[in-house]
Amino acid sequence: MDISVIRGYGIFDFFRTSNHVPLFLSDYLDRFIRSAEKTYLNLKYSKSELADIILELIEKNDLKNGGIRMLLTGGVSENHFSPSEGGLYIFCEDLLFPSQEKYDKGVKLVSADHVRSIADIKTTNYAFPVWLSATWKDSGAEDVIYHHNGFISESSRSNIFVIKDGQISTPDQHILHGITRMRVLELAPQTSIRPISFEELLAADELFITSTTKKILPITLIDDQKIGTGQVGPLTKKLMADFVEMEK
Ligand code: PDD
């Protein structure tokens, strides 16, 4: 009867280890703590206590290159609605990255008119994209790009970057502020953070999405429209290479 299960009310976060080191751990912990606060869920551990648990988990599982999921549930409550004392779960997982071919050739996104509510909280509620994903299989798409009122926001599990005439841009509204996005903004500090229209998306020279499980993944097709030359562009390639260096 945990409201995470019966109402979809809970939060999580997900990060990776690289050679036993949890990548960008401090940023992920900050976001997890922020998500708990914003959802009024009681996280009984401090940032440093969580970090200690995670380091122990990595050591005990000899987790060289793997994923770690932190999950805080809404808890069981008398009225089956209000959040109460939830359960905290921290566990490791195998990582599943896109194939090398997808990084080399780019992938397709389908577009959908949708705006995520409480977008900057990493809630466990992904009902809309999971439901919609039944249609991606037929189109060969990797994921979806959300737009609403003519402006784009993000993909179902990634942030998006648009490149036109050498200028990189990324939206800031109705998104989860991704940790990978944050790293790309450090690699490309000249990036313009601003509203981006759906037309601009289609007219881009290059596009890519970012996430913990996709890193920097080029997009070469939106619905049935080719982006730029239809090949992975030079700026995207450079950022992909720079990001590999950053992870070392
Ligand atoms: N998704 N936007 C949404 C809605 C997300 O769920 C995610 C992460 C991101 C990218 O954030 P980050 O760079 O911190 O991973 C953006 C995870 C990976 C997932 O649900 O699998």
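What you see is a predicted model; the values in this text were computed from it and never measured.

### Notes on the domain arrangement of the chain
Phase 1: We note that the domain assignment places domain 1 (3-93) and domain 2 (100-247) within the chain.
Phase 2: With 18 residues of domain 1 in contact, the opposing surface of domain 2 contributes 10 residues.
Phase 3: Listing elements by their share of the side of domain 1 that touches domain 2, those giving two or more residues are strand S1 (10-18) and helix H2 (25-38).
Phase 4: Per-element tally for the side of domain 1 that touches domain 2: the top contributor is S1, with 8 residues.
Phase 5: Each residue belonging to the side of domain 1 that touches domain 2 can be placed in one class, and the counts come to 7 nonpolar, 6 polar and 5 charged.

### Some points on the site of the ligand
Phase 1: Surrounding the ligand, one finds 14 residues, the nearest of these being Leu 176, Gly 178, Ile 179, Thr 180 and Thr 212.
Phase 2: Listed by contribution, the elements that provide at least two residues to the shell around the ligand are helix H6 (179-187) and strand S11 (206-211).
Phase 3: Examining the composition of the shell around the ligand, we find that 3 residues originate from one element, H6, more than from any other.
Phase 4: For the shell around the ligand, the class distribution of residues is 3 nonpolar, 8 polar and 3 charged.

### Thoughts on H6
Phase 1: Buried within H6 we find Ile 179, Thr 180, Arg 181, Arg 183 and Val 184.
Phase 2: In this structure, the buried residues of H6 make contact with H2, strand S8 (159-164), strand S9 (167-170), S11, strand S12 (215-222) and helix H8 (234-247).

### Some remarks on the sheet that holds strand S2 (residues 21-22)
Phase 1: Judged by pairing direction, the sheet is antiparallel, and its 4 strands sit side by side in the order S2-S1-S3-S4 without closing on themselves. Either end of the sheet is taken by a strand with one partner, and the two such strands are S2 and strand S4 (88-93).
Phase 2: Pairing of strand S3 (residues 67-73) with S4, which is carried by 6 bridges, proceeds in the antiparallel orientation. The residue bridging Ile 68 from the neighbouring strand is Cys 92, located in S4.
Phase 3: Packing against the sheet, H2 makes contact with S1, S2 and S3, and its axis sits at approximately 175 degrees to S1.

### Some words on the nonpolar core
Phase 1: Core analysis: the biggest nonpolar cluster contains 27 residues, and Phe 161, Val 162, Leu 207 and Ile 219 have the highest contact counts within it.
Phase 2: Contributing elements (two or more residues each) for this core: strand S5 (107-113), strand S6 (143-148), S8, S11 and S12.
Phase 3: Considering each element in turn, this core owes the most residues, 5 residues, to S12.
Phase 4: Setting aside its immediate chain neighbours within four residues, Ile 219 contacts Gly 106, Val 107, Leu 109, Leu 207, Phe 208, Ile 209 and Ile 227.
Phase 5: Core analysis: the next-biggest nonpolar cluster, separate from the first, contains 13 residues, Tyr 28, Leu 29, Phe 32 and Ile 54 among them.

About the thresholds
Residues numbered from 1 in each chain as written. Predicted model: local features only at pLDDT ≥ 70, side-chain atom pairs only at ≥ 80, totals over all residues. Domains from an automatic or database assignment. Contact = placed C-beta atoms within 7 Å. Helix = DSSP H or I, 4+ residues; strand = E, 2+ residues; numbered from the N terminus. Nonpolar A, V, L, I, M, F, W, Y, C, P; charged D, E, K, R; others polar. Near = placed C-beta within 6 Å. Buried ≥ 20, exposed ≤ 12 C-beta atoms within 10 Å, placed from the backbone. Pairing = 2+ DSSP bridges. Axes fitted to C-alpha atoms, helices over the stretch in contact; angles between N-to-C directions. Core = buried A, V, L, I, M, F, W, Y, C linked by C-beta atoms within 7 Å.

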